[in-house]
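Structural features, examined
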Amino acid sequence: MMITFSATLTCQYDAIFSPFSAKQFYQGLAWLKNSTFDAAELCIADYNNVDVIAIAHALAEHGLGCTTIASGQARKREGLSLLAADDALLQRTRQRIYQHIDAAAILGSYVTIGSLRATETALSIEQYKHSLAQGLAPCIDYAQKCGVTLIIEALNRYEISHLNSAEDMMLFLEFIGMPPNVGILWDVFHANIEDQSFAAAIQRMGPSLHHVHFADSNRAFPGYGHLAFEDIYRHLQQSGYQGAISLECLCRPSAQTVIKQAKPFIERLRQLACASASRQ
Ligand code: LER
Ligand code: MN
């Protein structure tokens, strides 16, 4: 298996990381296909007017998979949180994650747990870990019954109070006993702020690393900031990473840049893979 490529696309509400609006979902699928992506990463906030079977058919018609369901929009829209002190809100958050798990079982994808682990309550790291572990436990059990893996995203300190780095994420996975259906989503935009080095982070996460987000240091399309993507890609390859690299950048410098430059960008990375395979 090789590293595969996906990009964020929204099918319900417009999203800052999707170069196409929700109404342009089908144009977005055609773009993914024409740009040689393997899959879509789908933003889904809730299941009002979302027909998962129809989405699965549309993906299949384009020869695309789905890497993960990006669940974070529901944090801002509805205030959902796995750390909610209010039990009704916690239950609503869990119910939403169960719905994502049902959808992921159909789409063959992961479910992302990113902003849904944000909280306004000031907690120590120990309190935070206990609270998140409790909030997540039934979701992990349900996901396991459904054959689905949850991926928890490391987010930088300006977005979330805890679990900011690859090291933090590993300590949390160890704290919850390394469930086989829980992995890490590592986003190089956040990692550029939090991790001491990309190479050391990748090595530390090892097989716990399940999914990678690519955006440049300023969250623009790769090449419009100062991250060395080819080096990061080489480190991922050398570590034996076999998951996806998913484009999750702002439409900067423009949506047209993202749309036009995605194909040559992933082609360049694939060529690196070929070059290193031919040297072996
Ligand atoms: C989502 O993947 C992400 O990286 C967050 O920064 C969004 O709030
Ligand atoms: Mn991300």
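What comes next is a walk through the structure. Quick caveat, the model's predicted, so the values are computed rather than measured. Per chain, residues are indexed from 1 in the order of the written sequence. Here the convention is simple: chains get letters from A, ligands get numbers from 1, in the order in which they are written. Note on the predicted model: pLDDT of at least 70 is required for a residue's local features to be given, and 80 or more for side-chain atom pairs to be given and counted; whole-chain, interface and lining totals, by contrast, use all residues. Heavy atoms from the whole structure form the basis of all side-chain values; hydrogens and water molecules are not counted.

**Remarks on the packing of helix α2 (residues 52-61) against helix α4 (residues 87-107)**
Axes here mean lines fitted to C-alpha atoms, for a helix over just the part in contact, with angles spanning 0 to 180 degrees between N-to-C directions. Helix numbers and strand numbers start at the N terminus; a helix is a DSSP run of H or I with at least 4 residues, a strand a run of E with at least 2. It is at 10 Å that the axes of α2 and α4 come closest, and there the two elements cross at 30 degrees. Our classification of the angle between α2 and α4 gives roughly parallel. At the point where α2 passes α4, the crossing takes the right-handed sense. Only Ala103, Ile106 and Leu107 of α4 make contact with α2, whose side of the interface consists of Val52, Ile53, Ile55, Ala56 and Leu59. Roughly parallel means an angle under 35 degrees; roughly antiparallel means over 145; roughly perpendicular covers 65 to 115; every other angle is labelled oblique. Definitions for this section: a left-handed crossing has its near helix turned counterclockwise from the far helix by less than a right angle. A right-handed crossing has that turn clockwise. The contact rule is simple, with two residues in contact once any of their heavy atoms fall within 4.5 Å.

**A closer look at helix α6 (residues 166-175)**
Only protein chains enter the accessibility calculation, which uses a 1.4 Å probe. A residue is then buried if its area is under 20% of the maximum for its type, exposed if over 50%, and partly exposed in between. Among the residues of α6, those classed as buried are Ala166, Met169, Met170, Phe172 and Leu173. Along the axis of α6, the buried positions cluster into a sector of 160 degrees, meaning they face one direction only. Buried residues in α6 make contact with α5 (125-146), β5 (150-153), β6 (182-187) and α8 (198-205). A positive backbone phi angle near 85 degrees is found at Gly177, which sits one or two residues after α6. Note that the arc is computed from the directions linking the helix axis to the C-beta atoms.

**Section: the coordination of the manganese ion (ligand 2)**
Angles between donor atoms at a metal ideally measure 109.5 degrees for a four-coordinate tetrahedral arrangement and either 90 or 180 degrees for a six-coordinate octahedral one. In this structure, Glu153 (OE), Asp187 (OD), His213 (ND1) and Glu248 (OE) serve as the protein donors to the manganese ion (ligand 2), at separations of 2.1 to 2.4 Å. Its 6 donor atoms give the manganese ion (ligand 2) angles of 71 to 177 degrees at the centre, a pattern that matches the octahedral case. In terms of primary sequence, the donors binding the manganese ion (ligand 2) are separated according to E-x33-D-x25-H-x34-E. Linking Glu153 in strand β5 with Glu248 in the loop between β8 (244-247) and α10 (255-279), this pair joins segments that are 95 residues apart in sequence. With relative accessibility at 6%, the residue Glu153 sits in the buried group. On the accessibility criterion, Glu248 (8% relative accessible area) is buried. Counted as donors are N, O and S atoms no farther than 2.8 Å from the metal, or 3.2 Å for Na, K and Ca; water is not among the atoms, and sites may therefore look incomplete. Square planar and octahedral assignments, for four and six donors respectively, both demand that opposite donors be over 155 degrees apart and that all other angles lie between 65 and 115; tetrahedral needs four donors with all angles between 85 and 135 degrees, and anything else is irregular.

**Side note on the nonpolar core**
By size, the foremost hydrophobic cluster in this structure holds 91 residues, and its most contacted members are Leu42, Leu136 and Trp186. Leaving out residues up to four positions away in the same chain, Leu136 has contacts with Leu82, Ile113, Leu150, Ile152 and Phe172. The set of buried Ala, Val, Leu, Ile, Met, Phe, Trp, Tyr and Cys residues whose side-chain atoms join them within 4.5 Å is what this entry labels a nonpolar core.

**With respect to the site of ligand 1**
Whether a residue is near a molecule or strand is decided by its heavy atoms; if any one of them lies within 4 Å of it, the residue is near. Every residue near ligand 1 is listed here: Ser115, Glu153, Leu155, Glu159, Asp187, His190, His213, Arg219 and Glu248. Here a polar contact is taken to be a pair of N or O atoms separated by no more than 3.5 Å, where protein atoms must pair a possible hydrogen donor with a possible acceptor and residues adjacent in sequence count only if both atoms sit in side chains. Here an oxygen atom of ligand 1 sits 3.1 Å away from a polar atom, N or O, in the side chain of Asp187. Take Arg219: an N or O atom from its side chain is 2.7 Å from an oxygen atom of ligand 1. Each accessible area is a Shrake-Rupley estimate made with a 1.4 Å probe; only the visible protein chains count as cover when residues are assessed. In the complex, the protein chains occlude 80% of the 260 Å² of accessible area that ligand 1 would expose alone. For the shell around ligand 1, the per-class residue count stands at 1 nonpolar, 3 polar and 5 charged. In this classification, Asp, Glu, Lys and Arg are treated as charged, Ala, Val, Leu, Ile, Met, Phe, Trp, Tyr, Cys and Pro as nonpolar, and every other residue, Gly included, as polar.

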